[in-house]
Amino acid sequence: MKEHEIDDRDLTPSDPTDPASLQHPDATLCPECLGSGSLTSGETCPVCEGTGKATGRTGGG
């Protein structure tokens, strides 16, 4: 590897079928319901309003 090259060998999973590689959250899914649109109690997710998609309303302040 040359001095000006970026070492990105460890940035991607070595085995895409490895279950550990699936533990990174998907940025397009709602962080509250993880894309299901409803909570474990069966209620509609208040963060994404049932769409399952990430919204700009997530985060703290």
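Thresholds, definitions, all that
Each chain carries its own residue numbering, running from 1 in the direction its sequence is written. Where local features are concerned, this predicted model is filtered to residues with pLDDT of at least 70; where side-chain atom pairs are given and counted, the filter is 80 or more; whole-chain, interface and lining totals use all residues. The basis for the side-chain values is all heavy atoms of the structure; hydrogens and waters are excluded. Put simply, DSSP marks the helices as runs of H or I at least four residues long and the strands as runs of E at least two long, and each gets a number from the N terminus on. By definition, residues are in contact when any of their heavy atoms lie within 4.5 Å. Using a 1.4 Å probe, the Shrake-Rupley method yields the accessible areas, and only the shown protein chains count as cover for residues. A 1.4 Å probe rolled over the protein chains alone gives each residue an accessible area, and that area as a share of the maximum for its type sets the label: buried under 20%, exposed over 50%, partly exposed in between. Nine residue types can take part in a nonpolar core, namely buried Ala, Val, Leu, Ile, Met, Phe, Trp, Tyr and Cys, and a core is a set of them joined through side-chain atoms within 4.5 Å. Working definition: a disulfide is two cysteine sulfur atoms within 2.5 Å of each other.

Considerations on the overall build of the protein
For the protein, the count of helices and strands is 0 helices and 0 strands. Looking at the protein alone, contacts between residues at least 24 apart form 19% of all its contacts between residues at least 6 apart. Accessible surface, the protein as shown: approximately 5400 Å² in total, 51% of it carbon and sulfur.

A look at the environment of C48
When its relative accessible area of 3% is taken as the criterion, C48 is described as buried. Between the alpha carbons of C48 and S38 there is a distance of 9.0 Å; along the sequence they are 10 residues apart. Dropping the residues within four chain positions of it, C48 is found in contact with C30, C33, G37, K53 and T55.

Quick word on the nonpolar core
Core analysis: the biggest nonpolar cluster contains 5 residues, these being C30, C33, C45, V47 and C48. If sequence neighbours within four positions are ignored, C45 has contacts with C30, E32, C33, G37, S38, L39 and G50.

A few points about the environment of G50
Looking at G50, the relative accessible area reads 35%, which means it is partly exposed. Separated by 14 residues in the primary sequence, G50 and S36 place their C-alpha atoms 7.7 Å from one another. In this view, G50 contacts G37, T44 and C45; residues no more than four positions away in its chain are not counted.

Some words on unusual backbone geometry
In the Ramachandran plot, L34 falls in the positive-phi region, its phi being about 60° despite a non-glycine side chain. With a relative accessible area of 63%, L34 lands in the exposed category.

With respect to the state of the cysteines
Taken as a whole and judged by the stated rule, the model has 0 disulfides. Of all cysteine sulfurs, the one in C45 lies closest to C30, which takes part in no disulfide; the gap is 3.8 Å. Residue C30 is classed as buried on the basis of its relative accessible area, which comes to 1%. Free cysteine C45: the closest other cysteine sulfur is in C48, separated by 3.8 Å.

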